[in-house]
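Now for the letters of each chain:
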Amino acid sequence: MIEIDARQRLGKTELKIDLKVETKGILALFGPSGAGKTSILNWLAGLNRPDDGIIRVDGQTMFDRRAGIDIAPERRRLGYVFQEPRLFPHLGVRGNLLYGRRLTHRRYGTQESDIGFDWIVELLGIGGLLERRIATLSGGEKQRVAIGRALLANPRLLLMDEPLAAVDVQRKSEILPFIEKLHAELSVPIVYVSHDPDEILRLADQVALIADGKLAAYGDVESVLGRLDLPNLTDNAEAGAVIGVTVLAQDDGSGLSLLGFSGAAGQGTACGGVIRVGRLPHAVGQHLNLRILANNVALARQPVNGMSILNQLPGRVSQIVASDGPFVDVQVDIGSPIWARITRKSLQELNLSVGDNVIALVKSAAADPKPLR
Ligand SMILES: Nc1ncnc2c1ncn2[C@@H]1O[C@H](COP(=O)(O)OP(=O)(O)OP(=O)(O)O)[C@@H](O)[C@H]1O
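The written sequence of each chain sets the order in which its residues are numbered from 1. Per-residue local features of the predicted model are confined to residues with pLDDT of at least 70, and side-chain atom pairs are confined, for both listing and counting, to 80 or more; whole-chain, interface and lining totals are unaffected and use all residues. Heavy atoms from the whole structure form the basis of all side-chain values; hydrogens and water molecules are not counted.

The protein chain is annotated in an unreviewed UniProt entry as Molybdenum ABC transporter ATP-binding protein from Dongia soli.

Laid out in structure tokens, this is it:
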């Protein structure tokens, strides 16, 4: 369990967080630049001290202002991966990796790290780099070595501060699968800072949305990324919904993938269905998180003939949220809730109310699924 109940004045921002979460899987700290995400990570690491409050990890008090407890960073048994890999230039790849392990042995007297050297090297795909000098590595390779070094110190918790922020798109797609593998194959829980909704969609189990120094929302990926007010609370995230789907089939003829989703039990509404999207590289049977942006969903009263949109999903209107301006957001329960952003004029012309049956029209190109573990 990670327990944070602390506050700190940081320039103009008052960072004040009350958060208790299970240390399990990946907790994402998500939010716009300057929201306070890194400062929270630094509270956990002991690199930054709250003005008041407590920080506990798995029952051990790391910081308690009033009790005068402030465990030194190196005694907290936390791994830290920074935006820029901070490797020792003189040690080489093997030397950097062994440094983490030696440190653990010296500090905690363990004979052998819980996490084996060979296994980590294989998991991170860095076997071919062991004898290389740090200066000869690409940004993505350096970051993988930095992750390996942090893990070989046998941390109880791995802190990652936007580890993909400093690498280009190509490298990002090279490193992401390794972080997914860490999650799948290691039991080390991770606190992962990011402002990128795609990374959150792909990696997170739980999301704490931080905005202006406060916890604006906390929950699973579906509930946090599915918030209508997401654009107001983040830099760039559009409003939309996240639904869990399974790859049902690959249609080579049409170049499309068929994704199945199931209905929410006991709601008496639609019982799930199939969404067609552009061909995905995933195997049949794989579970994915599919994010459908509200701007990519239209509504109709009846099934529509002679139209380019392939996905016509029957559902029922469950919420209508008006905002300033010409648009309204309509939530439709197609088995899972999705959002459609339509004009106020269309809402009037369709004469829609909560409880009405509608067809949600979802463009195949709109979907951007991310694998779930
Ligand atoms: N030592 C400090 N003194 C004054 N202000 C600070 C200090 N450290 C951070 N801040 C301010 O506190 C706020 C939160 O910073 P923090 O780096 O935690 O945000 P963040 O969400 O991680 O942002 P980013 O994604 O840009 O790294 C910012 O407004 C920052 O300028």
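Now that the structure is up, let's keep going.
Bringing the pattern of salt bridges into the picture now. Salt bridges, as used here, are contacts in which a Lys or Arg side-chain nitrogen is within 4 Å of a carboxyl oxygen on Asp or Glu. Within the structure shown, the criterion is met by 13 salt bridges. As a salt-bridge pair, arginine 202 and glutamate 180 come within 2.9 Å of each other at their nearest N and O atoms. Placement of arginine 202 in helix H6 (residues 197–203) and of glutamate 180 in helix H5 (residues 169–185) is noted, with a sequence separation of 22 residues between them. For the pair formed by arginine 202 and glutamate 180, the shared burial category is buried. A salt bridge links lysine 345 to glutamate 349, with the nearest nitrogen and oxygen atoms 2.7 Å apart. Strands are runs of DSSP state E lasting at least 2 residues, helices are runs of H or I lasting at least 4, and numbering of each runs from the N terminus. Three exposure classes are used, based on accessible area relative to the maximum for each residue type with a 1.4 Å probe and protein chains only: buried under 20%, partly exposed in between, and exposed over 50%.

Another point: empty space enclosed by the protein. In this approach the atoms are scanned with a rolling probe the size of a water molecule, which exposes any empty space left behind. A 1.4 Å probe that fits into a set of points on a 1 Å grid over the protein atoms alone but cannot get out defines a cavity; an open set with protein on both sides within 12 Å along at least five of seven lines defines a pocket, and lining residues are those with an atom within 4 Å of a point. Grid points are joined across faces, edges and corners, and a volume is the space filled by probe spheres set on the points. Following the criterion strictly, the structure yields one cavity of 30 Å³ or more and no others. Considered as a void within the structure, the largest cavity measures approximately 30 Å³ in volume. If you go around the largest cavity, the residues you meet are Ile2, Ile4, Leu19, Leu27, Leu29, Ile40, Leu44 and Val191. Those elements giving two or more residues to the lining of the largest cavity turn out to be strand S1 (2–10), strand S3 (26–30) and helix H1 (37–45).

Close to the ligand lie Leu10, Gly11, Thr13, Pro32, Ser33, Gly34, Ala35, Gly36, Lys37, Thr38, Ser39 and Glu162. In protein, a polar contact requires one atom able to donate a hydrogen and another able to accept it; more generally it is a pair of N or O atoms within 3.5 Å, and residues adjacent in sequence count only if both atoms are side-chain atoms. Between the ligand and the protein, one listed contact pairs an oxygen atom with a side-chain N or O atom of serine 33 at 2.7 Å. In this structure, an oxygen atom belonging to the ligand sits 3.3 Å away from a side-chain N or O atom of glutamate 162. If the ligand stood free it would expose 640 Å²; the protein chains cover 57% of that surface. Looking at the shell around the ligand, the element that brings in the most residues is H1, giving three residues. A single heavy atom is enough: if one lies within 4 Å of a molecule or strand, its residue is considered near that molecule or strand. Reported accessibility uses the Shrake-Rupley method at a 1.4 Å probe radius. Residues are deemed covered only where the shown protein chains occlude them.

This part covers the side chain of glutamine 250. Take glutamine 250: it is sitting in strand S12 (residues 240–251). A distance of 3.2 Å separates a polar atom in the side chain of glutamine 250 from a polar atom in the side chain of arginine 279. One polar contact links the side chain of glutamine 250 to the main-chain carbonyl oxygen of leucine 280, over a distance of 3.3 Å. Here, residues are in contact when the closest pair of their heavy atoms is within 4.5 Å. If near-sequence neighbours (up to four positions away) are discounted, glutamine 250 is found in contact with Leu256, Ser257, Arg279, Leu280, His282 and Val284.

Our focus in this paragraph is the packing of aromatic side chains. Pairing of aromatic rings covers Phe, Tyr and Trp, the last through its six-membered ring, and needs centres within 6.5 Å; plane angles under 30 degrees mean stacked, over 60 mean edge-to-face, and all others mean tilted. Under the defined criterion, the tally for this structure stands at two aromatic pairs. Seen in terms of ring centroids, tyrosine 80 and phenylalanine 82 are 4.1 Å apart; in terms of plane orientation they differ by 5°. Their pairing is stacked. Seen from their ring centres, phenylalanine 88 and tyrosine 99 are 4.7 Å apart, and the 65° between their planes marks the pair as edge-to-face. Of the two residues, phenylalanine 88 sits in the loop between strand S7 (78–81) and helix H2 (92–108) while tyrosine 99 sits in helix H2, which places them 11 residues apart along the sequence. The exposure class of phenylalanine 88 is partly exposed, given its relative accessible area of 28%. A ring is scored as having a charge over it whenever the NZ atom of a lysine or the CZ atom of an arginine sits within 6 Å of its centre and within 35 degrees of its normal. In this structure, arginine 86 packs its charged tip against the face of phenylalanine 82, placed 3.8 Å from the ring centre. Over the aromatic face of phenylalanine 88 sits the side chain of arginine 149, whose NZ or CZ is 4.8 Å from the ring centroid.

On to the sheet that holds strand S20 (residues 357–362). Strand pairing is assigned whenever DSSP identifies at least 2 bridges connecting the two strands. Pairing is antiparallel in the open sheet, where five strands are placed in the order S16-S20-S17-S18-S19. The sheet is open, and its two edges are formed by strand S16 (297–300) and strand S19 (337–343), each paired on a single side. Across this sheet, the average inter-strand angle for adjacent strands is 45°, counted without regard to direction. Bridge analysis of strand S18 (residues 327–333) against S19 gives seven bridges, and the strand direction is antiparallel. Bridge pairing in S19 links glutamine 331 to tryptophan 339. The axes are straight lines fitted to the C-alpha atoms, using for helices just the contacting stretch, and the angles between their N-to-C directions are given from 0 to 180°.

Counting buried residues along S3, five of its five residues qualify, which places the element largely inside the surrounding structure. Here S3 shows two buried faces, one formed by Ile26, Ala28 and Phe30 and the other by Leu27 and Leu29. The sheet contact formed by S3 and strand S10 (residues 206–211) spans four bridges and is parallel. Bridged to alanine 28 within S10 is valine 207.

Another point: helix H4 (residues 139–152). Between its terminal C-alpha atoms H4 stretches 20 Å, which fits the 20 Å expected from 14 residues at 1.5 Å a residue. Of all 14 residues that make up H4, 12 are buried, and the element is covered over most of its length. Backbone geometry just after H4 places asparagine 154 at a positive phi near 60°. Here a helix's expected span is defined as the number of its residues, less one, multiplied by 1.5 Å.

In the Ramachandran plot, glutamate 162 falls in the positive-phi region, its phi being about 40° despite a non-glycine side chain. Tracing the chain through its elements places glutamate 162 in the loop between strand S8 (157–161) and H5. Under the relative-accessibility criterion, glutamate 162 is labelled buried at 11%.

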